[in-house]
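What follows is the residue order along each chain.
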Amino acid sequence: GDLSQRINPFSGIESYDALGEVFGKAKQSVVKLTKSYRSSREISEFAESLLPGIESAENVRISGRKPKLVRVCKREEIPGLISTEMDQLKAEGFGSIAVICKTAEEAAWAYSKLLPTHDVRLMEADSITFHHGLVVLPVYLAKGLEFDAVIVHDAGDLVYGSDSERRLLYTAFTRALHSLTVYYSGEPSKLLPMGRGELFDEQVCVLRMPE
């Protein structure tokens, strides 16, 4: 599997060399898959910027659509902006859209805000069915899944502030096939490639006018 998606630092292996320790080096064989058929090149390059030294795969698809970073002045504004974006993505023909949050608590909060306006499902640890459509879920349940479009709920520095959380964001980003939007409140996570503007489409501070 992809060691870059080892989201729990206390489990799994650091290197494929560990296979030889278990099965014996004579029975160990590592085959590297060098082509990626899932995320677009733009999304993969953006995600790979989180992990220095990662071996880049050759992406088969080029979408022409870079990931989008959106700065929000108040965290409470994010669900409303996501709701609007969901409508836009559905109008463009995207069938599966995921809102990925860091924790189950954050996912439940975002879900409660989106439910009045969208037919959205909350994915929890005990969920036994997968809903193809609009889904809200914590990042640790997103591993192994893929969606036409992914919206990261909040990648602010107060949410993803630790270097140990690089693989969490990497996993969230690489769930997207065609479209990736990353919202953040306050200061952006130091893990984001803010100094590499060529990797993302735009950085917007969204201001909501008083009613």
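Located above this text is the structure these notes cover.
How each quantity is defined
Residues numbered from 1 in each chain as written. Predicted model: local features only at pLDDT ≥ 70, side-chain atom pairs only at ≥ 80, totals over all residues. Heavy atoms only, no water. Axes fitted to C-alpha atoms, helices over the stretch in contact; angles between N-to-C directions. Helix = DSSP H or I, 4+ residues; strand = E, 2+ residues; numbered from the N terminus. Parallel < 35°, antiparallel > 145°, perpendicular 65-115°, else oblique. Left-handed = near helix turned anticlockwise from the far one by under 90°. Contact = heavy atoms within 4.5 Å. Nonpolar A, V, L, I, M, F, W, Y, C, P; charged D, E, K, R; others polar. Phe/Tyr/Trp six-rings, centres within 6.5 Å; stacked < 30°, edge-to-face > 60°. Buried < 20%, exposed > 50% of the residue type's maximum accessible area, 1.4 Å probe, protein only. Pairing = 2+ DSSP bridges. Right-handed = clockwise from strand over helix to strand, strands pointing away.

Participant: Could you give an account of the packing of helix 3 (residues 78-91) against helix 4 (residues 104-114), naming the residues involved and the relevant values?
Facilitator: Running from N to C, helix 3 and helix 4 cross one another at 60°; their axes reach a closest spacing of 9 Å. Judged by the angle between their axes, helix 3 and helix 4 are oblique. With respect to the hand of their crossing, helix 3 and helix 4 are arranged in right-handed fashion. Contacts between helix 3 and helix 4 involve Pro-79, Ile-82, Ser-83 and Met-86 on the former and, on the latter, Trp-109, Lys-113 and Leu-114. Among the residues forming the contact of helix 3 with helix 4, the class breakdown is five nonpolar, one polar and one charged.

Participant: Can you explain the packing of aromatic side chains? Please cite residues and give values.
Facilitator: Inspection of the entire model under this criterion finds one aromatic pair. Between the aromatic rings of Phe-46 and Phe-173, the centroid separation amounts to 5.1 Å while the plane-to-plane angle is 40°, which identifies the pairing as tilted. With a gap of 127 residues between them, Phe-46 in helix 2 (residues 41-48) and Phe-173 in helix 5 (residues 166-173) connect regions that are remote in the sequence. A relative accessible area of 0% means that Phe-46 is categorised as buried.

Participant: How would you sum up the side chain of Ser-83? Please name residues and give values.
Facilitator: Structurally, Ser-83 is set in helix 3. Here Ser-83 is in contact with Leu-114, Thr-117 and His-118, once residues within four sequence places are set aside.

Participant: A description of the pairing of strand 8 (residues 176-185) should follow, citing residues and the corresponding values.
Facilitator: Look at any regular strand and the pattern is simple: side chains alternate between the two faces of the sheet. Burial runs high along strand 8: nine of the ten residues are buried. The sheet contact formed by strand 3 (residues 68-72) and strand 8 spans five bridges and is parallel. Across the sheet, residue Lys-68 finds its bridge partner in strand 8, namely Thr-181. Here strand 7 (residues 147-152) runs beside strand 8; their pairing, made up of five bridges, is parallel. Note on strand 8: the bridge partner recorded for Val-152 is Val-182. Regarding the hand of the β-α-β motif, the stretch spanning strand 7, helix 5 and strand 8 is right-handed.

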